[in-house]
Amino acid sequence: MNNKGETKERIIKTAAHLFQLQGYHATGLNQIIKESKAPRGSVYYHFPNGKEELAIEAVKYTGRFVEEQIKESMAQVLDPAEAIQHFIEVTSRQFNDPESVEGIPVGLLASETALISEPLRQTCVDVFKTWANVFATKLIQHGYEVEEAETLGMTINSMIEGGIMFSLAHKDKQPLLLIAQQIPFILNKKG
């Protein structure tokens, strides 16, 4: 990756982290510039449409990061319920140190900006669908009908997002672990 590409990625990673810690409205471009150690002009060069454009790229970046984590968990464990539980358990470990949590800006940005930025809202929706589809694909591979798998994928993803919010609020991973325990029942398996 060339220097311009490295600078752009560093800006996106910094923005994603700051949006996760502080939210969209509390994070300013000046802070992103300072913390990313990027030249002031490079933020405006890479994101000429400003903070909203940068937030969209941060959501996409986070979306790809979490998608890879989900895929990795789905590939590591054959049984779909156990694979989903594995992903939730791995995700919950981040709450041992809440400031190191990764992959959260999508939920926070969606709740904070859904009514004020249609492009950002749609990007969040696309990321949520992508994650739900990874779960659905695993279920389809194990005999679930497509429609049922898609419904379950969305349900599971919604539960995980809610569990993340509860875990953030409580500064405790227990809400996510409780969701993991329910996955076999949601998938109509005996626990």
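Located above this text is the structure these notes cover.
Structure report, in brief. It should be emphasised that the depicted structure is a prediction, and the values quoted were computed from it without experimental measurement. (Residues numbered from 1 in each chain as written. Predicted model: local features only at pLDDT ≥ 70, side-chain atom pairs only at ≥ 80, totals over all residues. Heavy atoms only, no water.)

### Quick notes on the packing of aromatic side chains
Keep this limit in mind: Side-chain rings of Phe, Tyr and Trp (the six-membered ring for Trp) are treated as a pair once their centres are within 6.5 Å; stacked means planes under 30 degrees apart, edge-to-face means over 60, and tilted covers the remaining angles. The cut-offs for exposure are 20% and 50% of the maximum accessible area for each residue type, with area from a 1.4 Å probe on protein chains only; residues under the lower value are buried, those over the upper are exposed, and the others partly exposed. A ring is considered to have a charge above it if a Lys NZ or an Arg CZ atom is located within 6 Å of its centre and within 35 degrees of its normal.
Inspection of the entire model under this criterion finds three aromatic pairs. Measuring from centroid to centroid gives 5.7 Å for Phe-19 and Tyr-24, while their planes differ by 35°, and the two rings are tilted. A relative accessible area of 11% places Tyr-24 in the buried class. One Lys or Arg, Lys-51, reaches over the ring of Tyr-24 and ends 4.4 Å from the middle of that ring.

### Regarding the pattern of salt bridges
Threshold: Think of a salt bridge as a Lys or Arg side-chain nitrogen and an Asp or Glu carboxyl oxygen that are within 4 Å of each other. Helix and strand assignments follow DSSP, with helices taken as H or I runs no shorter than four residues and strands as E runs no shorter than two, numbered in order from the N terminus.
The final tally for this structure, using the stated rule, is four salt bridges. Residue Glu-57 is joined to Lys-60 by a salt bridge in which the shortest nitrogen-to-oxygen separation is 3.7 Å. Residue Glu-57 and its partner Lys-60 are located together in helix 4 (residues 51-76), separated by three residues, close to a single helical turn. Residue Glu-118 pairs with Arg-121 through a salt bridge whose shortest N-O separation is 2.5 Å. Placement of the pair is Glu-118 and Arg-121 together in helix 7 (residues 118-141), with a separation of three residues, close to one helical turn. Take Glu-118: its relative accessible area is 45%, and that puts it in the partly exposed class.

### Describing the packing of helix 1 (residues 3-22) against helix 4
Just so we agree on the cut-off: Lines fitted to the C-alpha atoms define the axes, with helices restricted to the stretch that makes contact. Angles between their N-to-C directions range from 0 to 180 degrees. These descriptions rest on fixed angle ranges, namely under 35 degrees for roughly parallel, over 145 for roughly antiparallel, 65 to 115 for roughly perpendicular, and the rest for oblique. Working rule for contacts: check all heavy atoms of both residues, and any pair within 4.5 Å makes them a contact. Amino acids are sorted into nonpolar (Ala, Val, Leu, Ile, Met, Phe, Trp, Tyr, Cys and Pro), charged (Asp, Glu, Lys and Arg) and polar (every other residue, Gly among them).
Contact geometry for helix 1 and helix 4: axes closest at 9 Å, N-to-C directions at 85°. Here helix 1 lies roughly perpendicular to helix 4, going by the angle between them. Between helix 1 and helix 4, the contacting residues are Glu-9, Ile-11, Ile-12, Lys-13, Ala-15, Ala-16 and Phe-19 on the first element and Lys-51, Leu-54, Ala-55, Glu-57, Ala-58, Tyr-61 and Thr-62 on the second. Its residues assigned to classes, the contact of helix 1 with helix 4 shows nine nonpolar, one polar and four charged.

### Details of helix 7
Applied cut-off: A helix is expected to span 1.5 Å multiplied by its residue count minus one. Here a polar contact means two N or O atoms within 3.5 Å. Within protein one must be a hydrogen donor candidate and the other an acceptor candidate, and residues neighboring in sequence count only if both atoms are side-chain atoms.
Taking 1.5 Å per residue as the helical rise, helix 7 with its 24 residues ought to reach 34 Å, and the 34 Å between its terminal C-alpha atoms agrees with that figure. For helix 7, the side-chain oxygen to backbone nitrogen distance between the N-cap and Leu-120 is 3.2 Å, and the N-cap itself is Ser-117.

### Some words on the packing of helix 7 against helix 8 (residues 146-170)
As a reminder of what qualifies: Note on convention: the crossing is left-handed when the near helix lies turned anticlockwise from the far helix by less than a right angle, right-handed when the turn is clockwise.
It is at 7 Å that the axes of helix 7 and helix 8 come closest, and there the two elements cross at 130°. The pairing of helix 7 with helix 8 is recorded here as oblique in orientation. Relative to helix 8, helix 7 is oriented so that their crossing is right-handed. In this structure, helix 7 contributes Phe-128, Trp-131, Ala-132, Phe-135, Ala-136, Leu-139 and Ile-140 to the contact, and helix 8 contributes Val-146, Ala-149, Glu-150, Leu-152, Gly-153, Met-154, Ile-156, Asn-157, Ile-160 and Glu-161. Looking at the contact of helix 7 with helix 8 residue by residue, the class counts come to 13 nonpolar, two polar and two charged.

### Overview of unusual backbone geometry
A positive phi is found at Lys-37, a non-glycine position, where the angle reads about 55°. The class of Lys-37 is exposed, set by a relative accessible area of 67%.

### Structural notes on the side chain of Thr-91
You can see Thr-91 is positioned in helix 5 (residues 80-92). The contacts of Thr-91, once residues within four sequence positions are left out, are Ile-164 and Leu-176.

Take it as geometry only, folks, not as evidence of what the structure does.
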